[in-house]
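What the coordinates show
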Amino acid sequence: AQSVTQLGSHVSVSEGALVLLRCNYSSSVPPYLFWYVQYPNQGLQLLLKYTSAATLVKGINGFEAEFKKSETSFHLTKPSAHMSDAAEYFCAVSKGNTDKLIFGTGTRLQVFP
Amino acid sequence: NAGVMQNPRHLVRRRGQEARLRCSPMKGHSHVYWYRQLPEEGLKFMVYLQKENIIDESGMPKERFSAEFPKEGPSILRIQQVVRGDSAAYFCASSPTRGTGDTEAFFGQGTRLTVV
């Protein structure tokens with residue numbers, strides 16, 4: 001069965017610093033992997049997705065993630081944090097025959113000036 | 001092109017009352033997913049519906065919860081005899097096709113249910 005694990009429920013960085021949010025997946029088949037962002041009292045917005053094409057996936061707002069099969073990881077990075085990046089970030093995996101998503105528990109990103 | 005519309009945005013119910021949550025998918029989308037987000041937790045899948053059909057309800061509690069997506073009108077998530085543990089944010093997502101796992105699902109802003 002597919003699942004995702006997000007290490008670190010809270011991450012704090014200074015503005016301009018590197019952002020690294022960790023996600024490891026468990027899947028018996030090649031997975032489809034997603035990163036979503038949730039701003040306070042809002043719905044989820046897709047940042048990027050991996051669908052077995054390029055292993056380095058670029059998303060919106062300067063975020064990118066690298067699929068590493070050997071490490072079963074799909075960590076999200078951004079070279080330079082901005083105050084507006086403060087939000088909750090969710091990693092998710094989907095089952096192959098539907099778009100039903102299995103979410104991690106989320107990582108809350110705080111950005112300090 | 002309007003996004004996924006959920007209403008109400010906030011709903012307060014007393015214990016024992018019924019809660020009805022509505023979701024209008026994006027135009028052209030005939031597939032709807034409901035998720036529940038408990039405080040400090042990630043989203044948990046509840047049910048997947050296509051017009052007039054429940055495709056997968058493996059995440060629905062066995063009692064008090066039901067969902068429908070009629071031919072006309074929004075999808076409805078219904079919770080009967082609500083209890084305090086039902087307090088959560090309920091999100092709806094829609095997609096245009098049944099999908100093969102790699103289709104982007106578009107999320108609404110959620111309904112925040114508070115049971116008092």
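Read on for an overview of the structure. Small disclaimer: the values here were computed from a predicted structure and weren't measured.

Conventions used here
Residues numbered from 1 in each chain as written. Chains lettered and ligands numbered in written order. Predicted model: local features only at pLDDT ≥ 70, side-chain atom pairs only at ≥ 80, totals over all residues. Heavy atoms only, no water. Contact = heavy atoms within 4.5 Å. Buried area = accessible area lost by both parts, 1.4 Å probe. Salt bridge = Lys/Arg side-chain N within 4 Å of Asp/Glu carboxyl O. Polar contact = N/O pair within 3.5 Å; in protein donor to acceptor, adjacent residues only side chain to side chain. Helix = DSSP H or I, 4+ residues; strand = E, 2+ residues; numbered from the N terminus. Nonpolar A, V, L, I, M, F, W, Y, C, P; charged D, E, K, R; others polar. Disulfide = S-S within 2.5 Å. Buried < 20%, exposed > 50% of the residue type's maximum accessible area, 1.4 Å probe, protein only.

Turning our eyes to something else, we now look at the interface of chain A and chain B. If you look at the interface, chain A gives 23 residues, while chain B gives 26 residues. With both sides pooled, the region where chain A packs onto chain B buries about 2,000 Å², and carbon together with sulfur makes up 48% of that total. The tally of links from chain A across to chain B stands at one salt bridge. Across the contact surface, chain A and chain B share six residue pairs in polar contact (both at pLDDT 80 or more). Contributing elements (two or more residues each) for the side of chain A that touches chain B: strand 5 (32-38), strand 6 (44-50), strand 10 (87-94) and strand 11 (101-103) of chain A. For the side of chain A that touches chain B, the leading source of residues is strand 5 of chain A, giving four residues. When grouped by side-chain class, the residues that make up the side of chain A that touches chain B number eight nonpolar, eleven polar and four charged.

On to the state of the cysteines. Disulfides are covalent bonds that link the sulfur atoms of two cysteine residues. Evaluation of the coordinates by the stated rule reveals two disulfides over all chains. The residue that forms a disulfide with C23(A) is C91(A), at a sulfur-sulfur distance of 2.0 Å. Across the S-S bond linking C23(A) and C91(A), the dihedral sits near -65°, which makes this disulfide left-handed. With C23(A) in the loop between strand 3 (19-21) and strand 4 (24-26) and C91(A) in strand 10, this pair connects stretches of sequence that are 68 residues apart. Take C23(A): its relative accessible area is 1%, and that puts it in the buried class. With its sulfur 1.8 Å from that of its partner, C23(B) forms a disulfide with C92(B).

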